[in-house]
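This is what each chain is made of:
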Amino acid sequence: MPEYEFVDVYLPRGVSRKETTRLLTDHAEYGHWELYRLSLLRDGSRKVRLRRRIIRQVRATW
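Not measured: the values here are computed from a predicted model. (Residues numbered from 1 in each chain as written. Predicted model: local features only at pLDDT ≥ 70, side-chain atom pairs only at ≥ 80, totals over all residues. Heavy atoms only, no water.)

Novice: Just checking my understanding: could you explain the sheet that holds strand β1 (residues 3-11) for this structure?
Specialist: Backbone hydrogen bonds hold the strands of a sheet together, and the pairing may be parallel or antiparallel. Within the open sheet, the 3 strands sit side by side as β1-β3-β2. Their pairing is antiparallel. In this open sheet, the two strands that pair with only one neighbour each are β1 and β2 (34-40). Put simply, the sheet's adjacent strands are angled 20° from each other on average, direction ignored. Bridge count between β2 and strand β3 (residues 46-54): 6 bridges; the pairing is antiparallel. Directly across from L40, in β3, lies its bridge partner R46. Together, β1, β2 and β3 form the strand contacts of helix α1 (residues 17-31), whose direction differs from that of β3 by roughly 10°. (Pairing = 2+ DSSP bridges. Helix = DSSP H or I, 4+ residues; strand = E, 2+ residues; numbered from the N terminus. Axes fitted to C-alpha atoms, helices over the stretch in contact; angles between N-to-C directions. Contact = heavy atoms within 4.5 Å.)

So this is what it looks like as structure tokens:
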């Protein structure tokens, strides 16, 4: 079963959809994050949870 690490990003209500899209695209492209959950809060702000897979190296024993 794959393991993931998570990061939460809070975007206040003044941030436009275009800026939000650019920010999340940058996270995905350069940090290898993927969108896990996006919550639109009552005050218009957004709470975003991103995740990326943890790749563990296996030591070879000879």
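There's plenty left to go through after this.
Novice: Got a minute to help me understand the side chain of T20 in this structure?
Specialist: Following the sequence through the fold, T20 ends up in helix α1. Once residues within four sequence positions are removed from consideration, T20 is found in contact with L11, V15 and R46.

Novice: Which parts of the structure should I look at to understand the pattern of salt bridges?
Specialist: Side chains carrying opposite charge are able to pair once their charged atoms draw close together. Enumeration over the complete set of coordinates arrives at 5 salt bridges. We note a salt bridge from E5 to R52, for which the minimum N-O separation is 2.9 Å. Of this pair, E5 sits in strand β1 while R52 sits in strand β3, placing them 47 residues apart in sequence. The exposure class of E5 is partly exposed, given its relative accessible area of 32%. Given the relative accessible area of 27%, R52 is considered partly exposed. A salt bridge links D26 to R22; the shortest N-O distance between them is 3.3 Å. Taken together, the residues span about one helical turn, with D26 and R22 both in helix α1 at a distance of 4 residues. (Salt bridge = Lys/Arg side-chain N within 4 Å of Asp/Glu carboxyl O. Buried < 20%, exposed > 50% of the residue type's maximum accessible area, 1.4 Å probe, protein only.)

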